[in-house]
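Structural overview for review
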Amino acid sequence: MQPAAEATVAARTRHHLLSLAPGLLYVPGYFDRDEQAALLDQLRGILADAPLFQPVMPKTGTPFSVRMSNCGPLGWVSDRNGYRYQPMHPVTARPWPTMPALARRAWADLGDYPDPSDACLINYYDRDARMGLHQDRDEEGFAAPVVSLSLGDTCVFRYGSTERRGPTKSLKLSSGDAIVLGGAARLAFHGVDRILGGSSTLLAEGGRFNLTLRRVAGEVLEGLDPR
Ligand code: SIN
Ligand code: FE2
């Protein structure tokens, strides 16, 4: 996110914003405990309808250590055929449930983008799960940011530049924290080194949920005839 955009976001939310790098915004405690519990409640309802599934790596079929689900019009899936967004759950074949109101509020507060998010990936990490460094680049355009929300156990989040072999730093993300990858950081490499098991009491089963809100549909080019 550019400095002007960060100022816009700062003006809209009462939260403390920390710029970790150009475009990379960290909002500790974006959700207070009551909001975390309410969002978790909404998430439980979503997962009752769209259960966590086990994604596998394209080609090799190696399982991810996280389990996933989605909400909103489009959901990100990974299977032997590749990575993609699709409108239905890969196991139940039902449409994804509606995005929770608190997640939509986070996008409106922090996203600094005129269109709503059309995809929300839900990752569940048990205490042994992790996620390797990667870029989020399966969307049609990169003008919209990625807004990432953490619930449950603290994780060690790693972020770097837009170069795979560039330098990286780590940061602990606690329950209620938000991260925004936008502007110059929209394609920054990021991942989760580990989960600090037992660091939060929010989830009865332990572990961590991460919600990443994205805009998959590309920008509407002005003057372009949509037909
Ligand atoms: C992701 O990049 O999809 C997840 C990041 C996180 O769990 O914080
Ligand atoms: Fe990601």
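Here is a short report on the structure shown in this document. Treat the numbers as computed from the prediction; the structure is a model and nothing was measured.

Before going further, it helps to spend a moment on the packing of helix H2 (residues 33–49) against helix H3 (residues 101–110). Where H2 meets H3, the closest approach of the two axes is 8 Å, and the angle between their N-to-C directions is 120°. One finds that H2 runs oblique with respect to H3. From H2, Glu 35, Ala 38, Leu 39 and Gln 42 reach across to H3, where they touch Ala 101, Leu 102, Ala 103 and Arg 105. For the contact of H2 with H3, the class distribution of residues is 5 nonpolar, 1 polar and 2 charged.

All residues adjacent to ligand 1 are Asn 123, Tyr 125, Met 131, His 134, Phe 157, His 190, Val 192, Arg 208, Asn 210 and Arg 214. Within the contact set of ligand 1, an oxygen atom lies 3.3 Å away from a side-chain nitrogen or oxygen of Asn 123. When atom positions are compared with the pocket grids, ligand 1 is found to occupy the largest pocket. Those elements giving two or more residues to the shell around ligand 1 turn out to be strand E6 (119–125), strand E7 (131–134), strand E12 (190–195) and strand E13 (208–214). Residue composition of the shell around ligand 1, grouped by class: 4 nonpolar, 4 polar and 2 charged.

Approximately 660 Å³ is the volume attributed to the largest pocket. Considering the residues around the largest pocket, the lining is formed by 36 residues, among which Phe 64, Trp 76, Met 131, Gly 132 and His 134 are closest to the centre. Elements supplying a minimum of two residues to the lining of the largest pocket: E6, E7, strand E8 (146–152), strand E11 (178–181), E12 and E13. Of the residues contributing to the lining of the largest pocket, the split by class is 17 nonpolar, 11 polar and 8 charged.

With that settled, the discussion passes to the coordination of the iron ion (ligand 2). Distances from the iron ion (ligand 2) to its protein donors, namely His 134 (NE2), Asp 136 (OD) and His 190 (NE2), fall within the range 2.1 to 2.2 Å. Coordination geometry of the iron ion (ligand 2): the 4 donor atoms subtend angles of 90 to 175° at the metal centre, consistent with an arrangement described as irregular. Residue classification places His 134 among the partly exposed residues on the basis of a relative accessible area of 21%.

The rules behind each value
- Residues numbered from 1 in each chain as written.
- Chains lettered and ligands numbered in written order.
- Predicted model: local features only at pLDDT ≥ 70, side-chain atom pairs only at ≥ 80, totals over all residues.
- Heavy atoms only, no water.
- Axes fitted to C-alpha atoms, helices over the stretch in contact; angles between N-to-C directions.
- Helix = DSSP H or I, 4+ residues; strand = E, 2+ residues; numbered from the N terminus.
- Parallel < 35°, antiparallel > 145°, perpendicular 65-115°, else oblique.
- Contact = heavy atoms within 4.5 Å.
- Nonpolar A, V, L, I, M, F, W, Y, C, P; charged D, E, K, R; others polar.
- Near = heavy atom within 4 Å.
- Polar contact = N/O pair within 3.5 Å; in protein donor to acceptor, adjacent residues only side chain to side chain.
- 1 Å grid on protein atoms, 1.4 Å probe; cavity = no way out; pocket = protein on both sides within 12 Å on 5 of 7 lines; lining within 4 Å.
- Sits in = over half its atoms within 2 Å of the grid points.
- Points joined across faces, edges and corners; volume = space filled by probe spheres on them.
- Donors = N, O, S within 2.8 Å, 3.2 Å for Na, K, Ca; no water.
- Tetrahedral: all angles 85-135°; square planar, octahedral: opposite > 155°, others 65-115°.
- Buried < 20%, exposed > 50% of the residue type's maximum accessible area, 1.4 Å probe, protein only.

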